[in-house]
Amino acid sequence: MNTLRPHKPEQDQEQEEARYEWDLSLSTVVSSSSSSACDVIGAIEFDPTDTVVATAGISRKIRFYGLPSLLRTNAGISGVTSVDQATACEYYICTPAKLSSLRWRPGSGGRVIGSGDYDGVVTEYDLEKRTPVFERDEHGGRRVWSVDYTRHGVGASGSDDGTVQVWDPRCPPEESVGVVRPAGICRSAVCCVEFDPCGGPAVAVGCADRRGYVYDMRKLVDPALTLKGHSKTVSYVRFLDGGTVVTAGTDGCLKLWSVEDGRVIRTYEGHVNNRNFVGLSVWRNGALFGCGSENNRVFVYDKRWGKPVWVDGFEPVGVSSGLDKRFVSSVCWRQSGVDQCTLVAGGSDGVLQVYVGKRKP
């Protein structure tokens, strides 16, 4: 483990103690079955019970892992459990295309998971039958980057075609709730879409036009807010709560915004992100953000401070040869817990790492 903690003057000791109120450590490493950097993990999601982890990427497989088995105490001298993918994966579903996103469909009892793929198709899979049960293909073959659902099961997908398609799986496939074109005639790619997890009517969108947008589901024609501040593509957007949204950009920073007036509350810097999707996840109970980095590290930020409170490296780090230009490509917090937390991170080489943490006394 390679943890970075910058030194501060003694007068900042009180702030420093608050900053490092979490003990985070690497628990488990799941090695990839691929011998080269060609198994990018593009999405990681916990199921509604927070006991199953699903991953997907360019391998054309959705893999499912039981979190209790990943966290079993079977560590070596280093204190870290190492397992191979074939052993750790409980089962997988083969998909017809590379996948960019995953999301469990609410109200399905954890039985149905939705995915967005590189061919522009949104597919839902029944996990008991391990077969597709629903499909939408309305992005003209352009890559779907993001899929999300409201609490009541209304879905949305954001795509390279510059649109957000909103639908209700309970209605016929040819029917649509609405279509959003955040960048208008410019048709900039939509990289992320997320509904307010608290159940409010807001839906947030991140675009390649360097802006984020917040829409009211009751009026999708124009955005209620336009979030201007990033200098490059807004690759991720996540609600921290009903009043704030976090965005990530390929300008190498995260930003926390007020949903009330579109004001930037704080900017977070430290990770490296100039080109790739490196993941963004928020743990709402602890007000922590996790993201990957193009220097093959995992970064954790506390919403109160603009610099990372914890950093850990995937291995190998700092190697410049072709196959070793690895980066952390996806992260996901387990949402349950208050004084304990779990963060799962995936790499561009298919390696999965599980971190656990607890609040210091």
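Definitions and limits used
- Residues numbered from 1 in each chain as written.
- Predicted model: local features only at pLDDT ≥ 70, side-chain atom pairs only at ≥ 80, totals over all residues.
- Heavy atoms only, no water.
- Helix = DSSP H or I, 4+ residues; strand = E, 2+ residues; numbered from the N terminus.
- Contact = heavy atoms within 4.5 Å.
- Areas by Shrake-Rupley, 256 points an atom, 1.4 Å probe, with all protein chains shown as cover.
- Buried < 20%, exposed > 50% of the residue type's maximum accessible area, 1.4 Å probe, protein only.
- Lys, Arg positive; Asp, Glu negative; His and termini not counted.
- Salt bridge = Lys/Arg side-chain N within 4 Å of Asp/Glu carboxyl O.
- Polar contact = N/O pair within 3.5 Å; in protein donor to acceptor, adjacent residues only side chain to side chain.
- Phe/Tyr/Trp six-rings, centres within 6.5 Å; stacked < 30°, edge-to-face > 60°.
- Pairing = 2+ DSSP bridges.
- Axes fitted to C-alpha atoms, helices over the stretch in contact; angles between N-to-C directions.
- UniProt positions renumbered as here; feature names shortened; annotations may be inferred.
- Core = buried A, V, L, I, M, F, W, Y, C linked by side-chain atoms within 4.5 Å.
- 1 Å grid on protein atoms, 1.4 Å probe; cavity = no way out; pocket = protein on both sides within 12 Å on 5 of 7 lines; lining within 4 Å.
- Points joined across faces, edges and corners; volume = space filled by probe spheres on them.
- Nonpolar A, V, L, I, M, F, W, Y, C, P; charged D, E, K, R; others polar.
- pLDDT = per-residue confidence, 0-100.

K.L.:
Hey, could you run me through the overall build of the protein chain in this one?
P.N.:
For the protein chain, the count of helices and strands is three helices and 29 strands. A fraction of 49% describes how many contacts in the protein chain between residues 6 or more apart in sequence connect residues 24 or more apart. Surface accessibility of the protein chain: about 15700 Å² in total, with carbon and sulfur atoms responsible for 48%.

K.L.:
Looking at this model, I keep getting lost on unusual backbone geometry. Mind explaining?
P.N.:
Backbone geometry follows two general trends: most residues other than glycine have a negative phi, and most peptide bonds adopt the trans configuration. Of note, Arg 210 is a non-glycine position whose phi angle comes to about 75°, a positive value. Mapping Arg 210 onto the fold places it in the loop between strand S16 (202–207) and strand S17 (211–216). Unusually for a residue other than glycine, Ala 287 sits at a positive phi of about 55°. Within the secondary structure, Ala 287 is located in the loop between strand S23 (280–283) and strand S24 (288–291). With a relative accessible area of 16%, Ala 287 lands in the buried category.

K.L.:
Could you clarify how one ought to interpret the side chain of Asp 196 in this entry?
P.N.:
By the secondary structure assignment, Asp 196 is in the loop between strand S15 (190–195) and S16. Although Asp 196 is buried, it forms no salt bridge, and the closest oppositely charged side chain is Arg 284 at an N-O distance of 6.9 Å. A polar atom in the side chain of Asp 196 sits 2.9 Å from the backbone nitrogen of Cys 198.

K.L.:
Explanation requested: the packing of aromatic side chains in the structure shown.
P.N.:
The relation between two aromatic rings is expressed through the spacing of the ring centres and the mutual angle of the planes. Counting across every chain of the model gives 13 aromatic pairs. Ring plane angle 75° and centroid distance 6.5 Å describe the contact between Tyr 149 and Trp 167, whose orientation is recorded as edge-to-face. Taken as a pair, Tyr 149 in strand S11 (residues 144–149) and Trp 167 in strand S13 (residues 164–167) lie far apart in primary sequence, 18 residues in all. A centroid spacing of 6.5 Å and a plane angle of 20° characterise the contact between Phe 299 and Tyr 301, whose relative ring orientation is stacked. In terms of burial, Phe 299 and Tyr 301 fall into one category: buried.

K.L.:
Could you clarify how one ought to interpret the sheet that holds strand S14 (residues 178–180) in this entry?
P.N.:
Strand pairing in a sheet relies on backbone hydrogen bonds. The paired strands run either parallel or antiparallel. Spatial ordering of the open sheet is given by S11-S12-S13-S14, a layout of four strands whose pairing is antiparallel. Looking along the sheet, the strands with just one partner apiece sit at the ends: S11 and S14. Adjacent strand axes in the sheet meet at a mean angle of 15°, parallel and antiparallel pairs treated alike. With five bridges joining them, S11 and strand S12 (residues 155–159) adopt antiparallel strand pairing. Bridged to Asp 148 within S12 is Ala 156.

K.L.:
Would you take a moment to explain the UniProt feature "repeat: WD" (unreviewed entry) in the protein chain for this structure?
P.N.:
According to UniProt, the positions carrying the feature "repeat: WD" (unreviewed entry) are residues 156–168 and 227–267. Summarising residues 156–168: 0% helix, 62% strand, and an end-to-end C-alpha distance of 9 Å.

K.L.:
I tried to follow the nonpolar core on my own but got confused; where do I start?
P.N.:
A general feature of soluble globular proteins is that nonpolar side chains tend to end up buried together. Membership of the largest hydrophobic core comes to 22 residues, with the highest contact counts inside it found for Val 298, Val 300 and Tyr 355. Top element by residues in this core is strand S1 (residues 22–31). It accounts for four residues. When residues no more than four places from it in sequence are discounted, the contact partners of Val 298 are Cys 291, Trp 310, Val 311, Asp 312, Phe 314, Val 328, Leu 343, Ala 345 and Tyr 355.

K.L.:
Please explain the environment of Asp 241 as it appears in this structure.
P.N.:
One can find Asp 241 in strand S19 (residues 234–241). We classify Asp 241 as partly exposed; its relative accessible area is 28%. Along the chain, Asp 241 and Arg 284 lie 43 residues apart, while their C-alpha atoms are 7.0 Å from each other. Side-chain polar atoms of Asp 241 contact the backbone nitrogen of Thr 244, separated by 2.8 Å.

K.L.:
I keep staring at the pattern of salt bridges and nothing clicks. Help me out?
P.N.:
Pairing between side chains becomes possible if they bear opposite charge and their charged atoms approach one another. Under the criterion given, the structure shown has 16 salt bridges. Two residues, Asp 126 and Arg 111, come together in a salt bridge whose shortest N-O distance is 2.7 Å. Of this pair, Asp 126 sits in strand S9 (residues 122–126) while Arg 111 is found in the loop between strand S7 (99–104) and strand S8 (112–117), placing the two residues 15 residues apart along the sequence. The salt bridge partner of Asp 302 is Arg 304, with a shortest N-O separation of 2.8 Å. The partly exposed category is assigned to Arg 304, whose relative accessible area is 36%. Each of Glu 21, Asp 302, Arg 304, Asp 339 and Arg 359 takes part in one network of salt bridges that share partners.

K.L.:
How do you make sense of the layout of surface pockets when you look at a structure like this?
P.N.:
Think of a ball as big as a water molecule: rolled over the atoms, this probe shows where empty space is left. Here the largest pocket defines a volume of roughly 1200 Å³. Along its surface, the largest pocket is lined by 50 residues, and Glu 45, Leu 102, Arg 103, Glu 194 and Arg 238 are the ones closest to its centre. Elements that contribute at least two residues to the lining of the largest pocket include exactly strand S2 (41–46), S7, S11, S15, S19, S23 and strand S27 (328–333). Of the residues forming the lining of the largest pocket, the biggest block, six residues, is contributed by S2. Among the residues forming the lining of the largest pocket, the class breakdown is 26 nonpolar, eleven polar and 13 charged.

K.L.:
Looking at this model, I keep getting lost on the confidence of the model for the protein chain. Mind explaining?
P.N.:
Detail in the predicted coordinates should be disregarded across regions flagged by low pLDDT. Taken as a whole, the protein chain shows an average pLDDT of 89; of its residues, 89% reach a score of 70 or greater. Contacts from residues 1–15, a stretch scored under 50 in pLDDT, to residues over four places away or in other chains number 21 contacts. Low confidence marks residues 317–322, where pLDDT is under 50. Its contacts with residues over four positions away, or in another chain, come to six contacts.

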